[in-house]
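For reference, the chains in residue letters:
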Amino acid sequence: MLAQRLYNRSTEHMDYVNVATTVFTPLEYGCVGLSEEAAVQKHGEDNIEVFHAFYKPLEYIIPSRPHEQCYIKMVCTRGEEKVLGLHFVGPNAGEVIQGFSVALKCGATRHQFSTTVGIHPTCAEEVIKMHVSKRSGLDPTVTGC
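Residues numbered from 1 in each chain as written. Predicted model: local features only at pLDDT ≥ 70, side-chain atom pairs only at ≥ 80, totals over all residues. Heavy atoms only, no water.

Draft legend 1. Focus on the pairing of strand 5 (residues 83-89). Here strand 5 lies mainly inside the structure; 7 of its 7 residues are buried. Sheet topology places strand 2 (residues 29-33) next to strand 5; 5 bridges connect them, and they run antiparallel. Residue C31 lies in a different strand from strand 5, and its bridge partner there is H87. In this structure, the hairpin formed by strand 4 (residues 71-77) and strand 5 is closed by a connection of 5 residues, where G79 is found at a positive phi of approximately 90°. (Buried < 20%, exposed > 50% of the residue type's maximum accessible area, 1.4 Å probe, protein only. Helix = DSSP H or I, 4+ residues; strand = E, 2+ residues; numbered from the N terminus. Pairing = 2+ DSSP bridges.)

Take a look at the structure:
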């Protein structure tokens, strides 16, 4: 985009909404869109639904690595369930969030995520399998495939 503006006389401006971000630490964290708190502040608590899951990555099974910290959260509007934010803690978070950031920029809904066929076994697959909302009070721990 910068090269287009400098050398091709483009007037298109950078869109800083829903820019994916990742922290590359031993356990990666990636996010795109609004945090749960920002969504509540912008839309009101009654208009937000948060889906979440604790999951066990395949690469943690053989070496018996602790997986309790691997977590995914999807922040949505209630009703149409437009995805406002996605937060991912676990292996390959940068890769996962980069892929899903396009969906958020396009205004994807949770239904569109959940009707997508996941690639098994990947960490990204866990995003489209989420079905437990915080409001439900159910245990968000993923069990089995």
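Draft legend 2. Inspection of the sheet that holds strand 2 at higher detail. An order of 1-2-5-4-3 is seen for the 5 strands of this open sheet, with the pairing classed as antiparallel. With one partner strand each, in any of the chains shown, strand 1 (21-23) and strand 3 (48-54) form the two edges of the open sheet. Averaged over all pairs of adjacent strands, the angle between strand axes in this sheet comes to 10°, irrespective of strand direction. By the bridge criterion, 6 bridges tie strand 4 to strand 5 in an arrangement that is antiparallel. Paired with C76 across the strands is V83, a residue of strand 5. The strands touched by helix 2 (residues 36-43) are strand 3, strand 4 and strand 5; relative to strand 3, the strand with the most contacts, the crossing angle is about 170°. Packing against the sheet, helix 4 (residues 93-105) makes contact with strand 1, strand 2 and strand 5, and its axis sits at approximately 175° to strand 5. (Axes fitted to C-alpha atoms, helices over the stretch in contact; angles between N-to-C directions. Contact = heavy atoms within 4.5 Å.)

Draft legend 3. Region of the structure containing the packing of aromatic side chains. Inspection of the entire model under this criterion finds 3 aromatic pairs. On the basis of an interplanar angle of 45° and a centroid distance of 4.8 Å, the ring pair of F54 and Y71 is categorised as tilted. Here F54 is found in strand 3, whereas its partner Y71 is found in strand 4, with 17 residues between them in sequence. Judged by relative accessible area, Y71 falls into the buried class, the value being 17%. When the ring of Y55 is compared with that of F88, the centres are 5.6 Å apart and the planes differ by 40°; the resulting orientation is tilted. (Phe/Tyr/Trp six-rings, centres within 6.5 Å; stacked < 30°, edge-to-face > 60°.)

Draft legend 4. Region of interest: the pairing of strand 2. Of the strand pairs in this sheet, strand 1 and strand 2 are connected by 3 bridges, and their pairing is antiparallel. Directly across from T21, in strand 2, lies its bridge partner C31. Joining the antiparallel neighbours strand 1 and strand 2 is a turn of 5 residues.

Draft legend 5. Just the environment of K42, in detail. In this fold, K42 is placed in helix 2. Residues K42 and G118 lie 76 residues apart in sequence; the distance between their C-alpha atoms is 31 Å.

Draft legend 6. Region of interest: the pattern of salt bridges. This structure, assessed with the given rule, holds 7 salt bridges. Where D15 meets K105, a salt bridge forms, and the shortest distance between an N and an O atom there is 3.0 Å. A residue pair is termed long-range when its members are at least 10 positions apart, and D15 in the loop between helix 1 (2-7) and strand 1 and K105 in helix 4 qualify at 90 residues. For D15, a relative accessible area of 39% translates into the label partly exposed. One salt bridge connects R78 with E49, and the closest N-O pair in it is separated by 3.1 Å. With R78 in the loop between strand 4 and strand 5 and E49 in strand 3, this residue pair connects regions lying 29 residues apart in the sequence. (Salt bridge = Lys/Arg side-chain N within 4 Å of Asp/Glu carboxyl O.)

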